[in-house]
Each structure stands twice: as structure tokens, then as C-alpha cells.
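Next come the chains, spelled out residue by residue.
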Amino acid sequence: MAHATETLRSVVLGVGSYLPQRCLSNADLEKMVDTTDEWILKRTGIRQRYIAAEGEMTSMLATKAAEDALKAANISAQDIDLIIVATATPDYTFPSTATQVQAALGITHGVAFDVAAVCSGFVFGVATADKFLTSGSHKRALVIGAETFSRILDWNDRTTCVLFGDGAGAMVLEARKSEGSVADRGVLTTHLRSDGRHREKLYVDGGPSTTGKAGHLRMMGKEVFRHAVGMVTDVMTDAFAATGTTAADLDWFVPHQANERIIDASADKLGIDMAKIVKTVSLHGNTSAASIPLALATAVKDGRIKPGQLVMIEAMGGGFTWGSALIRW
Ligand code: ACO
């Protein structure tokens, strides 16, 4: 007989990642715009980023990351009945990138759709998948963050083009019965927020309904920075309150990888031990929705993140949107 408090929880079965072949260093950028390795490193912590090849689309990066995650989870694509792709750089205005990934993986059942929350997209995707899985409507989800931001950068604008890169990361989640305690594996809590009044601080100056073109990324960097730390620490505080945990209980803090200074200031504000931060921003740059699953895959593959550990993910991005998810790995 089922335990009276038995409930469903979304358990991580595996994570995966994919980076395009071409690596662009700060030294390479020095030849393209009026910038220096020293400026980029000091202000952001970024040393290099990867750039998709001509004809290499977001869905292709996403599919490779998904295959890597399925391998890590030791399940077949046919076991997946929900695909969520978080991206701000879809292959086409429609159909969704998720349906292209679904087809590439040879899946014809279940449902696939995109979520648009820019850099917060992966956290929004995990939260959405969690609602589907814990409601009992779906059994196994692929949540993917995939971007080709190189296609929406103004390569003449040194204030933005040095910050971003391309890539993809993916996570497989499975609905499993749980006693519902904080010690049980799975997504413990998710907290999402948005405030559309901040549109002009971080946006793309085009789209199907405005210019008919994809447009270029525009950002008021100082303004984004000013809001970021407060917003992400708010939703992490919500996660601790909802679960009765504290920063000291965390094994790993895996933030959105936009800027090392934002990451360090957020950890410092909540008293998170700096040794518990997973940082990949120096290697990948800001890959928007791909940054968290890329960082998770890095830390799982190198043996840092292990089953049973408590992992906090968080992000903030265009909209503004922001959110957190606390996961018992
Ligand atoms: N190389 C050299 N100099 C530069 C560059 C560059 N690439 N870019 C700007 N500068 C110059 C500026 O022109 C300015 O010169 P001035 O003083 O002569 O006017 C000077 O450097 C300082 O510029 P600021 O914009 O004031 O530099 P700041 O210290 O604010 O750093 C940065 C800029 C790195 C963008 C910072 O504001 C930041 O990280 N903001 C957050 C951005 C972010 O994280 N966005 C992503 C989050 S959301 C998402 O992920 C989509």
C-alpha cells in the first residue's frame, strides 16, 4: 500500500553538453574590436567562448547535448515523453526548436515545446518540466538549454560581443515516487519571477512582429548588473525558506554563468562558501540558457557533483526574468 504522504518527484537521471568546435579567445577578439584580454578578464572573468559553425543551428547543438544526457542517464530517446528547449535563438520563428530536436532524436510520441526566458530559460524549463512530471501527466523529460547567441550579436559593439558564446546543455528528469522529504532525491522547489518593465535594459532590437528581422542584442550592462544580485539572491532565499534549508546545507552552487563578479557577489550576499561555486564562465562565456546545464555537465563529469548532494541553480536574464531551483541530486 502506498505511503500516505507519498508523492511524485522529478529526479535527475543524467546531464549532457555540447560545444561547437571553434573556440574564440580574448586575444582573437582583440583583432576584431577595440578591446583587450585584460579588460574582458577583469570585468567578466571570461577567457574564451565557442562559436557555432556556418549552418550549425541551435537545434543541432541541442540534439547533441540531449544525446549526451540520454547516454549519461542510460535510457533511450524513446523513453522520453516531454521535451522542453529553452532558447532565445531558435532555428526559425516557427516551428519550435524543441520539435526539431524531437524529430532529430526519432521521437514521434509525447510533446515538445520551447520556453522563452533568455538567460533564465533553463531554470524556467526545469520548473515547467517539474510541474508536468509531478502532476503525473508525463514520465520522463529532456530539458535543454541551447543557444547560438553569436547570430544575434553586433560584432562591431565591443560592449556586448565580448560577453557571449554558443553551446548547449541538457538534463533528463524522471517522475519517481518519493516520501517528500528534503533528503529524497529530485527537484525540491522552484521559484520563478519576471518583471517586464525592464525590457529596454536587455533586449534584441528586432523580431518577426517588429522589424521582420532577427535583430541584435542590446544591453545596458551597468543596469543589468545593478539588478542581478538582488534578484537572484531573492529567489534563492525563497528556495531556502520553502525547504527549511540554508546556504550552509548546499553542496554546490551552480549559477547562470554571465559574469564572475555577479556570481561572487551573489554567493557573498548569501554566505555561500566560495569553494562550493561551480564556475565555467571563463571557458564558455555567457551562453544564456545553455550556461547552467553546461556548468552542471562539467561538474558531474569531473566528479564534483554526486548523487545525494544538494545543488542550487539560479539565473537572471532579459525581461527581466529570474528564478531558482533547489535539487537533491
Ligand atoms: N573592451 C574595452 N573597453 C570596453 C569594452 C570592451 N569590450 N566594453 C566597454 N568598454 C569601456 C567602456 O566604453 C567604458 O569606457 P569609458 O569609461 O571611456 O566610457 C569603460 O569600458 C567602462 O564601461 P562600463 O560599461 O562602465 O563597464 P562595467 O564595469 O559596467 O562592465 C560589463 C561592463 C562587463 C558589461 C558589466 O556591466 C556587466 O557585467 N554587466 C552585467 C551584464 C551581464 O551580466 N549581462 C548578462 C546577464 S543577463 C543575460 O545573461 C542575458
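The rules behind the values
Residues numbered from 1 in each chain as written. Predicted model: local features only at pLDDT ≥ 70, side-chain atom pairs only at ≥ 80, totals over all residues. Heavy atoms only, no water. Near = heavy atom within 4 Å. Polar contact = N/O pair within 3.5 Å; in protein donor to acceptor, adjacent residues only side chain to side chain. Areas by Shrake-Rupley, 256 points an atom, 1.4 Å probe, with all protein chains shown as cover. Helix = DSSP H or I, 4+ residues; strand = E, 2+ residues; numbered from the N terminus. Domains from an automatic or database assignment. Pairing = 2+ DSSP bridges. Axes fitted to C-alpha atoms, helices over the stretch in contact; angles between N-to-C directions. Contact = heavy atoms within 4.5 Å. Parallel < 35°, antiparallel > 145°, perpendicular 65-115°, else oblique. Left-handed = near helix turned anticlockwise from the far one by under 90°. Nonpolar A, V, L, I, M, F, W, Y, C, P; charged D, E, K, R; others polar. Phe/Tyr/Trp six-rings, centres within 6.5 Å; stacked < 30°, edge-to-face > 60°. Lys NZ or Arg CZ within 6 Å of the ring centre and 35° of its normal. Expected span 1.5 Å × (residues − 1). Buried < 20%, exposed > 50% of the residue type's maximum accessible area, 1.4 Å probe, protein only. Buried area = accessible area lost by both parts, 1.4 Å probe. Salt bridge = Lys/Arg side-chain N within 4 Å of Asp/Glu carboxyl O.

**A few points about the site of the ligand**
Part 1 of the argument: Not every one of the 24 residues close to the ligand is listed here, only the nearest: Thr 35, Arg 43, Cys 119, Asn 259 and Asn 286.
Part 2 of the argument: Between Thr 35 and the ligand, the recorded distance is 2.7 Å, taken from a side-chain N or O atom to a nitrogen atom.
Part 3 of the argument: Taking 1,000 Å² as the accessible area of the ligand by itself, protein coverage stands at 75%.
Part 4 of the argument: Mapped by element, the contributors of at least two residues to the shell around the ligand are helix 2 (37–44), helix 6 (158–161), helix 7 (221–243), helix 8 (260–270) and strand 12 (310–317).
Part 5 of the argument: Looking at the shell around the ligand element by element, the count peaks at 4 residues for helix 7.
Part 6 of the argument: Structurally, the shell around the ligand is a two-domain feature, drawing no fewer than three residues from each of domain 1 (3–178) and domain 2 (186–328).

**Focus: the sheet that holds strand 8 (residues 186–194)**
Part 1 of the argument: With respect to topology, 4 strands assemble into an open sheet ordered 8-13-12-11, the strand pairing being mixed. In the strand order of this sheet, the two ends are held by strand 8 and strand 11 (252–255), each with one partner. Strand-to-strand, the axes of this sheet are offset by a mean angle of 10°, without reference to chain direction.
Part 2 of the argument: Where strand 12 and strand 13 (residues 321–328) come together, 8 bridges link them in antiparallel fashion. Looking at the pairing, Glu 314 lines up with Ser 324 of strand 13.
Part 3 of the argument: Relative to strand 12, helix 7 is tilted by about 145°, and along the sheet it contacts strand 8, strand 11, strand 12 and strand 13.

**Here's the deal with the packing of helix 7 against helix 8**
Part 1 of the argument: Viewed as axis vectors pointing N to C, helix 7 and helix 8 meet at an angle of 45°, and their least axial separation amounts to 9 Å. Classed by the angle they form, the pair helix 7 and helix 8 counts as oblique. Note that helix 7 runs across helix 8; the crossing there is right-handed. Contacts between helix 7 and helix 8 involve Phe 225, Ala 228, Val 229, Gly 230, Val 232, Thr 233, Met 236, Thr 237 and Phe 240 from the first element and Arg 261, Ile 262, Ala 265, Ser 266, Lys 269 and Leu 270 from the second.
Part 2 of the argument: The class makeup of the residues in the contact of helix 7 with helix 8 is 9 nonpolar, 4 polar and 2 charged.

**Some details on the packing of aromatic side chains**
Part 1 of the argument: In this structure the tally under the stated criterion is 2 aromatic pairs.
Part 2 of the argument: Measuring from ring centre to ring centre gives 5.8 Å for Phe 113 and Phe 132, while their planes differ by 40°; the resulting arrangement is tilted. Residue Phe 113 is found in strand 5 (residues 111–115), and its partner Phe 132 is found in helix 5 (residues 121–135); the two are separated by 19 residues along the sequence.
Part 3 of the argument: In this structure, Arg 199 packs its charged tip against the face of Tyr 203, placed 5.2 Å from the ring centre.

**Some remarks on helix 5**
Part 1 of the argument: Over its 15 residues, helix 5 extends 21 Å from the first C-alpha to the last, a length consistent with the 21 Å expected when each residue adds 1.5 Å.
Part 2 of the argument: Listed as buried for helix 5 are Gly 121, Phe 122, Val 123, Phe 124, Gly 125, Val 126, Ala 127, Ala 129, Asp 130 and Leu 133.
Part 3 of the argument: Downstream of helix 5 by a residue or two, Gly 136 has a phi angle that is positive, lying close to 90°.

**What to know about the domain arrangement of the protein chain**
Part 1 of the argument: Each assigned domain of the protein chain is listed with its residue range as follows: domain 1 (3–178) and domain 2 (186–328).
Part 2 of the argument: Each of domain 1 and domain 2 has a C-alpha centre, and these two points are 14 Å apart.
Part 3 of the argument: Contact residues are listed per partner, giving 52 residues for domain 1 and 47 residues for domain 2.
Part 4 of the argument: Each partner contributes to the roughly 3,800 Å² buried at the junction of domain 1 and domain 2, and carbon and sulfur atoms together form 66% of this total.
Part 5 of the argument: At the boundary of domain 1 and domain 2, one finds 2 salt bridges.
Part 6 of the argument: Between Arg 218 and Asp 154 there is a salt bridge whose closest N-O contact spans 3.1 Å.
Part 7 of the argument: Viewed at the interface, domain 2 and domain 1 are joined by 20 residue pairs in polar contact (both at pLDDT 80 or more).

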